[in-house]
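Survey of secondary and tertiary structure
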Amino acid sequence: MDLYEYQGKELFRRHGIPVSDGRLATTPDEARSAAQELGGQVVVKAQVLTGGRGKAGGVKLADGPDEADARAREILGLDIRGHVVRKLWIERASDIAKEYYLSVTFDRGAKKPLLMLTKEGGVEIEQVAAESPDALARLHVDPLAGFHPFAARRLIYAAGIDDPDEQRQILPIVTRLYECFTGSDAMLCEINPLIVTPEGEVRALDAKVTVDDNALFEHPDIAEMQDLDAVPPEERAAREKGVTYVKLDGEVGILGNGAGLVMSTLDVVALAGGRPANFCDLGGGGQAQGVVDALEVITADPQVRSILFNIFGGITRGDEVARGILQALGQMSISHPIVVRLDGTNAEEGRRILAEAAPANLHVEPTMLEAARRAVELAA
Amino acid sequence: MAIVVDNDTRLVVQGLTGREGRFHGLRNRGHGTQVVAGVTPGKGGQDVEGVPVFDTVADAVAEMGANTTMVFVPARFATDAIYEAVDAGIGTVICIAEGLPAHEMLGVYNYIRTLGITMLGPNCPGALSPGKANVGIIPAEIFREGGVGLVSRSGTLTYQIGHELTQLGLGNSTIVGIGGDPVVGSSFVDVLRRFEGDDETELVVMVGEIGGDEEEKAARFIEAEMTKPVLAYIAGFTAPPGKTMGHAGAIISGSSGTAQGKKEALEACGVQVGTTPTEVAQLVAERMGARSR
């Protein structure tokens, strides 16, 4: 789960990382009163779960309440890489002398948290890593030994931050960011930029935090930060039904059992010259209710022209799956052509059941590739 | 010989008295696995169709000589269950449970590595050595004994490829599901190394998917250290970046972890990558045919 900047900063604030004072606004009026309360110059920042908002015109300075109102009108409703701006973070403007970068990431390759610090902040970290890798200090933390302040010291020296006053301020920020990372079960805690003001004060000017979905049950305060309005409507409906679904951009609706098999099915549809409309995993079985829920989600997408079922019968046998599919189709009316490919335990029996009882819009194919070709033809 | 599970496996099922644990534990026994004990705190002294249940894994080890555990408890108790098993002296941990917090698994992983524990999962289908032992949820009836080692991050995709092999008259030494989470107990390299040392395995099929860099590491390992042929399949060429595709670990982050990148890394190390599960099975048949001639 990705957090908005303002939510990430709230976590930072709770962990004692210095951030600028700010207010959330969803209307120009709220932006105006936020600027009023904060006083002086403010920054109006679009809250979207994507990068590149500065270039897209989603971050603007405002001198006082009137301008904050005007800037809010410009930014609210803006489409930034497919994300419509509905929230603004109004923050006291900062003078910037230097821009650094600091992060803790979950390094799944090394199986350890990774600390990164560089004086070349304010740009994408991938760019720094590619163009000036020597400027990027990297240090893994052994999760069994845990974090100790030496790690922050090594990181600061390695990054070449030699101003004692900056060192003194950044040391606890590294420690606290690591605490925020482990304490929130985060996959990423990133401060970019970590600024130094002309007066020498160090502060987090942005916040990018991603929290492990599997750990949200341990963090109800973070779980409730989730903005369901930002989830595409199809995916929201799927989530409510407990269906694992990802919307894609094609015409062939796809469902199958098991994440790997479904990913493979999407690939085979593409090989057959079609475009998958979605990823949808039924999980273990092919029980009627699961099939009904999945079909409802898939057919809600107006782009879908045909549907491909790819089921491998394991412990749930092919004949049971076939009956589940028929039962599901009996409970709803679907006009889309449906191609079923059933393999595995008792698959022949399952295919026979389908062939005998199936409605006219249901086609049974013996292999993945043939089924994909058929579904692609039917979507044309 | 086979790897991970075999005739010497003495299995304790943590969560045997639960619905899923009972169903699969008894299925595993039906396929010849020595299921010697169950563990459910507070239910010590009971039994599940003749399998004695203990309060602790330590008791199951002391009384029944359990050496392998299958973790079938809800995600929020799974980490505790794994540490308990390791503390009791269990050498092989197979965690079917899914939904474990990644940070918890980071701790488990770094801990068990220092102790030399073998672990599969979390979020895995387990391991099956046809004719010897089945620990987990793999449908044993679709596989037969043979010389193909199979290692995969995905369940049903593995069944699909195994089934196609069976239909071509080929069988498996061991089928190993390592799990679909970002951090799992065993990597492709760990399992490939064991297949390389296994007498019964002639050839290995590796089934990867988007996310992480374990396939890339495996490619380098295969080139440098394996004498047995390895064939690969990668799922997720059409997956968009930034979206979790069912498995928590199946996510392209920025430009890293793509199927194309993995395919290229494998091919650069001389590993052939099939474009569909069917083609992989056919490639295996060709290689195995060539070897037996």
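Residues numbered from 1 in each chain as written. Chains lettered and ligands numbered in written order. Predicted model: local features only at pLDDT ≥ 70, side-chain atom pairs only at ≥ 80, totals over all residues. Heavy atoms only, no water.

Our focus in this paragraph is the domain arrangement of chain B. Residues and elements named next belong to chain B. Under the domain assignment, chain B is made up of domain 1 (10-120) and domain 2 (143-292). Facing the nine residues of domain 1 at the interface are 10 residues of domain 2. The largest per-residue losses of area from domain 1 upon contact with domain 2 belong to M105, R113 and L120, which jointly make up 48% of the total buried on that side. At the surface where domain 1 touches domain 2, the tally comes to one salt bridge. When the shortest N-O distance is used, the salt bridge between R113 and D190 registers 2.9 Å. Summed over the shared surface of domain 1 and domain 2, the number is four residue pairs in polar contact (both at pLDDT 80 or more). (Domains from an automatic or database assignment. Contact = heavy atoms within 4.5 Å. Buried area = accessible area lost by both parts, 1.4 Å probe. Salt bridge = Lys/Arg side-chain N within 4 Å of Asp/Glu carboxyl O. Polar contact = N/O pair within 3.5 Å; in protein donor to acceptor, adjacent residues only side chain to side chain.)

Taken residue by residue, the interface counts 55 residues in chain B and 44 residues in chain A. For the chain B face of the interface with chain A, the top three residues by lost area are H103(B), T238(B) and M245(B), together amounting to 17%. Summed over the shared surface of chain B and chain A, the number is two salt bridges. Here E214(B) makes a salt bridge to K111(A), at a shortest N to O gap of 2.5 Å. Here chain B and chain A share 15 residue pairs in polar contact (both at pLDDT 80 or more) between them. Looking at the side of chain B that touches chain A, the element that brings in the most residues is helix α4 (residues 102-115) of chain B, giving eight residues. A per-class count over the side of chain B that touches chain A returns 25 nonpolar, 19 polar and 11 charged. (Helix = DSSP H or I, 4+ residues; strand = E, 2+ residues; numbered from the N terminus. Nonpolar A, V, L, I, M, F, W, Y, C, P; charged D, E, K, R; others polar.)

So, on to the environment of N214(A). Along the chain, N214(A) falls in the loop between β12 (208-211) and α7 (220-223). Classification of N214(A) as partly exposed rests on a relative accessible area of 22%. A sequence separation of 158 residues divides N214(A) from A372(A), and the C-alpha atoms of the two residues are 33 Å apart. Once residues within four sequence positions are removed from consideration, N214(A) is found in contact with G99(B), L100(B), P101(B) and A248(B). Within the local environment of N214(A), its side chain forms a polar contact with the backbone oxygen of L100(B), the two atoms lying 3.4 Å apart. (Buried < 20%, exposed > 50% of the residue type's maximum accessible area, 1.4 Å probe, protein only.)

As a further point, take the pairing of strand β8 (residues 126-129) of chain B. Residue and element names in this part refer to chain B. By the alternation rule, side chains of β8 split into G126 and L128 and A127 and S129, which are all buried. Pairing between β8 and strand β9 (residues 133-136): four bridges, direction antiparallel. Among the inter-strand pairings, S129 is bridged to a residue of β9, identified as A133. Hairpin connection between β8 and β9: a loop of three residues separates the two successive antiparallel strands, and G131 in this loop has a positive phi of roughly 85 degrees. As paired elements, β8 and strand β11 (residues 172-177) share three bridges and run antiparallel to each other. In the sheet register, G126 faces β11, and the bridge partner there is G177. (Pairing = 2+ DSSP bridges.)

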